[in-house]
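One letter stands for each residue in the lines below.
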Amino acid sequence: MGKLIYAANISLDGYLEDETGSFDWSVPDEEVHAFWNEHERHIGTSLYGRRMYETMRVWEDDDWLTDEPAVVREYARIWRDADKVVYSSTLDEVSTARTRIERTFDPGAVRRLKDTSEADLSIGGATIGAEAFRHGLVDECVLLLCPVTVGGGKPALPRGLRLDLELLDHGRFRNGVIYLRHAVRNAT
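Residues numbered from 1 in each chain as written. Predicted model: local features only at pLDDT ≥ 70, side-chain atom pairs only at ≥ 80, totals over all residues. Heavy atoms only, no water.

### Considering the UniProt feature "domain: Bacterial bifunctional deaminase-reductase C-terminal" (unreviewed entry) in the protein
Right, on to step 1. With numbering aligned to this structure, UniProt lists the feature "domain: Bacterial bifunctional deaminase-reductase C-terminal" (unreviewed entry) at residues 3-178.
Right, on to step 2. For residues 3-178, the end-to-end C-alpha separation is 22 Å, with 28% helix and 30% strand making up the annotated structure. (UniProt positions renumbered as here; feature names shortened; annotations may be inferred. Helix = DSSP H or I, 4+ residues; strand = E, 2+ residues; numbered from the N terminus.)

Take a look at the structure:
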């Protein structure tokens, strides 16, 4: 049985993106990238909302990777090796391998996917992540707190929902990013 893990880079004031939709403040350095590589290596299936999928599909293309550091090229290989499910009612087709579209988020289907998975699953994107939290599907949160406040934007965690969490692990990177890993004990 796999765990469903919500993982994100977030600002210190709790946002995935600022008010303009930018997340350039969360671009990882090599040490943080290596952390995400290790995290993603254990993910068998990634669940995405449409916007997150459109952001992540850049990893399918080799053209821009040629001059990138080895840690970045390694992430592309890890990302390509995982299965991907995109939840979208508007996306006509996918442009990446090992990817399928689901028109609606079905909590029962996600539970079955968790129950039958030999590896952990990740969920990315604020809207789809909030749905998973509301349905009690998220087992863990892995959050990297970036040393920046952005003053507003897209919240990383769902509004109007209490999450009782248990700290499982934490750490600090040289660039000031803080790593937090929590088990989700209850969502109400």
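Still to come is the rest of the account.
### Considerations on the packing of helix H1 (residues 30-41) against helix H3 (residues 70-81)
Right, on to step 1. Interaxial distance between H1 and H3 falls to 9 Å at its minimum, and their mutual angle equals 20°. Between H1 and H3, the angle falls in the class roughly parallel. You can see that H1 and H3 cross each other, and the crossing is left-handed. The residues of H3 that touch H1, namely those facing Glu-30, His-33, Ala-34, Trp-36, Asn-37, Glu-40 and Arg-41, are Val-71, Val-72, Glu-74, Tyr-75 and Ile-78. (Axes fitted to C-alpha atoms, helices over the stretch in contact; angles between N-to-C directions. Parallel < 35°, antiparallel > 145°, perpendicular 65-115°, else oblique. Left-handed = near helix turned anticlockwise from the far one by under 90°. Contact = heavy atoms within 4.5 Å.)

### Some words on the packing of aromatic side chains
Right, on to step 1. Counted by the stated rule, this structure contains 7 aromatic pairs.
Right, on to step 2. Both rings, one in Trp-59 and one in Tyr-75, keep their centres 4.6 Å apart while their planes meet at 65°; by these two values the pair is edge-to-face. Of this pair, Trp-59 sits in the loop between helix H2 (50-56) and H3 while Tyr-75 sits in helix H3, and the two are 16 residues apart along the sequence. Each member of the pair, Trp-59 together with Tyr-75, is buried.
Right, on to step 3. One aromatic cluster is present, built from ring pairs that chain together Phe-35, Trp-36, Phe-173 and Tyr-179.
Right, on to step 4. Between the NZ or CZ atom of Lys-84 and the centre of the ring of Trp-79, over which it lies, the distance is 4.3 Å. (Phe/Tyr/Trp six-rings, centres within 6.5 Å; stacked < 30°, edge-to-face > 60°. Buried < 20%, exposed > 50% of the residue type's maximum accessible area, 1.4 Å probe, protein only. Lys NZ or Arg CZ within 6 Å of the ring centre and 35° of its normal.)

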